[in-house]
Every structure is written in C-alpha cells, then in structure tokens.
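# Breakdown of the fold
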Amino acid sequence: MILTILYMFFCKETNTRIDAKIKLIGDVVPTYLKLLRDPHFISSVIISGIGMSAMILYVTISPFLLQTQFQLTPIQYGWVTSLVGIGIILGRFTNGFISNKVGNFISLKYSTILLFFSGSLILISIAVNSLNIFMLMFSVLIALYAQVSMRSNSMYIALLPHTKVRGSAGYLFACGEHLAAFFRGSIISLISFIGVGRLGFLYLLFAALAYYILVKYMNCIPSARSKITI
C-alpha cells in the first residue's frame, strides 16, 4: 500500500506522449471502471483464472496423491515435480510459436480442448482400471501445458485492445486472475471426494466452463483472432 501511494504521488505518468491530458491519479478509477464493464476483458480474466486453477489444483493435491496413492518416495516425488516443471517451461516456449501460426483465439480454444482431454483420459483410465503413474503424469503434463496456453493467450487477448491503458489493464488482469483462482479454490475445498478422480473431474469441469465462456462471449472479438506480433 505504501509503495502504491508513493508511486501515485511521486512517479510521472509515462503515457503523456500518447495523450497529453492523461492524469496518473484522476484517470485510474474511470479506467478501472471501463475495464470492468468490458465483457471481453472479464471473460479473458476468468479463462486465465481457470488455467491458474488447474495448476493450483495439481500443486495442492499432488503430494498426497503421488506419495499416498502411488507410494512414491520423497526423492521420486521430487524428480516427478522436476519433470512437470520442464513440461511447463516447454509449454511457454512452444505456445508463442503455435499462437503465431494459428492465432491466439484458435490456440486458446485448443488449450481448453486439451484440458478436457486430460480430464477425460484420467477418468477413462480409472474406469477401465488401467491408471498408473505414467498415465497420470502424461495427463497432468497435458493439463499444465493447456493452462500455460490459456493464461498466455487470455492475457494477450485482454490487453491488446487497451494499448493506451495497458498498465492499468495488466494490473487489473493479474488481480482478477488470482481472485478467480482463489474463488474456485474455495469451491474446490468443499468437494468431499478426493483422489485422482477428483483431479480428472475438475479438469473436465474447468475445460467445459472455459470453452463455454470462450465461445459465448469471445467468439466475435477481432483481436482474439489476431496473431502475436511481439
């Protein structure tokens, strides 16, 4: 809070070259209200929050799941976690390339489908009694790659139309993303059943919700179909 106050009163506005009349303090609240009334911006925030929820879900239950249900030792769990981290890093590198090829909107749609596929794979493996650690981690890697794509593309789509207020839009986007993830995490904690089935079910639920929002509220955004230019 102290840093925010110091910033507001002692740091100069950097967008005066774009708009000479802009004011650091006076324009902040109207800008936030304008962004909050933008359904496309809010939809992007919610989808990004869904992606973050998918990651938080795995991080929350993985120690109990892998060490209790699959009997991994702490050292083995550490190696598995390292592999998951490598998967996330590869996802960040490949997401930009794919988005450049097909566009951010299509890449975002594919990522929701991948998340749905991940949840389906887990539940089908449980149903046919063929779930093992390799199948589980393969499904998790798909889901974590999907959440990287969901968050990256959602942010790009949300901020692209707001170039003159990108700082405010980015700040509000980050706050909204974490708030959405926290809200879903609170709901998840109320679900009574636990274990790998919970993971698969919630991946399905997250993917269905993200796909609905994507098609319902973001299907007609011109910027959502553009490609990354940075």
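For clarity, every value in this text was computed on a predicted model and none was experimentally measured.

### Quick notes on the pattern of salt bridges
Here the structure, examined in full by the defined rule, presents one salt bridge. For E177, the salt bridge is made with R151, and the minimal N-O distance between the two is 3.0 Å. Of this pair, E177 sits in helix α7 (residues 166–188) while R151 sits in helix α6 (residues 133–159), and the two are 26 residues apart along the sequence. A relative accessible area of 19% places R151 in the buried class.

### Looking at helix α8 (residues 196–217)
Between the first and last C-alpha of α8 there are 32 Å, a value that for 22 residues agrees with the 32 Å anticipated at 1.5 Å per step. Turning to α8, its buried residues are V196, R198, L199, G200, L202, Y203, L204, F206, A207, A210, I213 and L214.

### Here we look at the packing of aromatic side chains
Applying the stated criterion to the full structure yields one aromatic pair. Here the aromatic rings of F41 and F173 are separated by 6.3 Å at their centres, their planes lie at 75 degrees, and the arrangement is edge-to-face. On the criterion of sequence distance, the pair formed by F41 in helix α3 (residues 39–69) and F173 in helix α7 is long-range, its members being 132 residues apart. Neither F41 nor F173 differs from the other in exposure class; each is buried.

### Some remarks on helix α4 (residues 74–102)
In a regular helix each residue adds 1.5 Å, so 29 residues correspond to 42 Å; α4 covers 41 Å between its end C-alpha atoms and thus fits that length. By the largest-angle criterion, T94 marks the main kink of α4, which is about 30 degrees. Within the span of α4, buried status applies to Y77, V80, V84, I88, G91, N95 and S99. Looking at the residues trailing α4, positive phi occurs at G103, about 100 degrees.

### Remarks on a nonpolar patch on the surface
A contiguous nonpolar surface patch, about 410 Å² in accessible area, is contributed by V102, Y110, I113, Y211 and V215. Elements that contribute at least two residues to the nonpolar patch include exactly α5 (104–127) and α8.

### Focus on the nonpolar core
The nonpolar side chains of a soluble globular protein tend to be buried, and buried together. By size, the foremost hydrophobic cluster in this structure holds 38 residues, and its most contacted members are Y58, L66, L115, L136, L199 and Y203. Only α3, α4, α5, α6 and α8 provide two or more residues apiece to this core. Among the elements that take part in this core, α6 stands out by supplying 10 residues, more than any other. If near-sequence neighbours (up to four positions away) are discounted, Y203 is found in contact with A54, L57, Y58, L115, S118, G119, I122 and A143.

### Overview of the confidence of the model for the protein
Mean pLDDT over the protein works out to 78, with 78% of the residues at or above the 70 mark. Per-element averaging of pLDDT across the protein places helix α1 (residues 2–10) at the bottom with 59 and α5 at the top with 91.

### Describing the packing of α5 against α8
As a packed pair, α5 and α8 sit with axes 8 Å apart at the nearest point and diverge in direction by 155 degrees. Taken together, the axes of α5 and α8 lie roughly antiparallel to each other. α8 is crossed by α5, and the crossing has left-handed handedness. Grouping the constituent residues of the contact of α5 with α8 by class yields 18 nonpolar, six polar and one charged.

### Examining the environment of Q76
Within the secondary structure, Q76 sits in helix α4. We classify Q76 as partly exposed; its relative accessible area is 40%. A polar side-chain atom of Q76 sits 2.9 Å from the main-chain amide nitrogen of T73.

About the cut-offs
Residues numbered from 1 in each chain as written. Predicted model: local features only at pLDDT ≥ 70, side-chain atom pairs only at ≥ 80, totals over all residues. Heavy atoms only, no water. Salt bridge = Lys/Arg side-chain N within 4 Å of Asp/Glu carboxyl O. Helix = DSSP H or I, 4+ residues; strand = E, 2+ residues; numbered from the N terminus. Buried < 20%, exposed > 50% of the residue type's maximum accessible area, 1.4 Å probe, protein only. Expected span 1.5 Å × (residues − 1). Phe/Tyr/Trp six-rings, centres within 6.5 Å; stacked < 30°, edge-to-face > 60°. Bend = angle between axes of the 7 residues up to and from the residue. Patch = residues over 30% accessible without salt bridge, like charges linked within 9 Å, V, L, I, M, F, W, Y side chains within 5 Å. Areas by Shrake-Rupley, 256 points an atom, 1.4 Å probe, with all protein chains shown as cover. Core = buried A, V, L, I, M, F, W, Y, C linked by side-chain atoms within 4.5 Å. Contact = heavy atoms within 4.5 Å. pLDDT = per-residue confidence, 0-100. Axes fitted to C-alpha atoms, helices over the stretch in contact; angles between N-to-C directions. Parallel < 35°, antiparallel > 145°, perpendicular 65-115°, else oblique. Left-handed = near helix turned anticlockwise from the far one by under 90°. Nonpolar A, V, L, I, M, F, W, Y, C, P; charged D, E, K, R; others polar. Polar contact = N/O pair within 3.5 Å; in protein donor to acceptor, adjacent residues only side chain to side chain.

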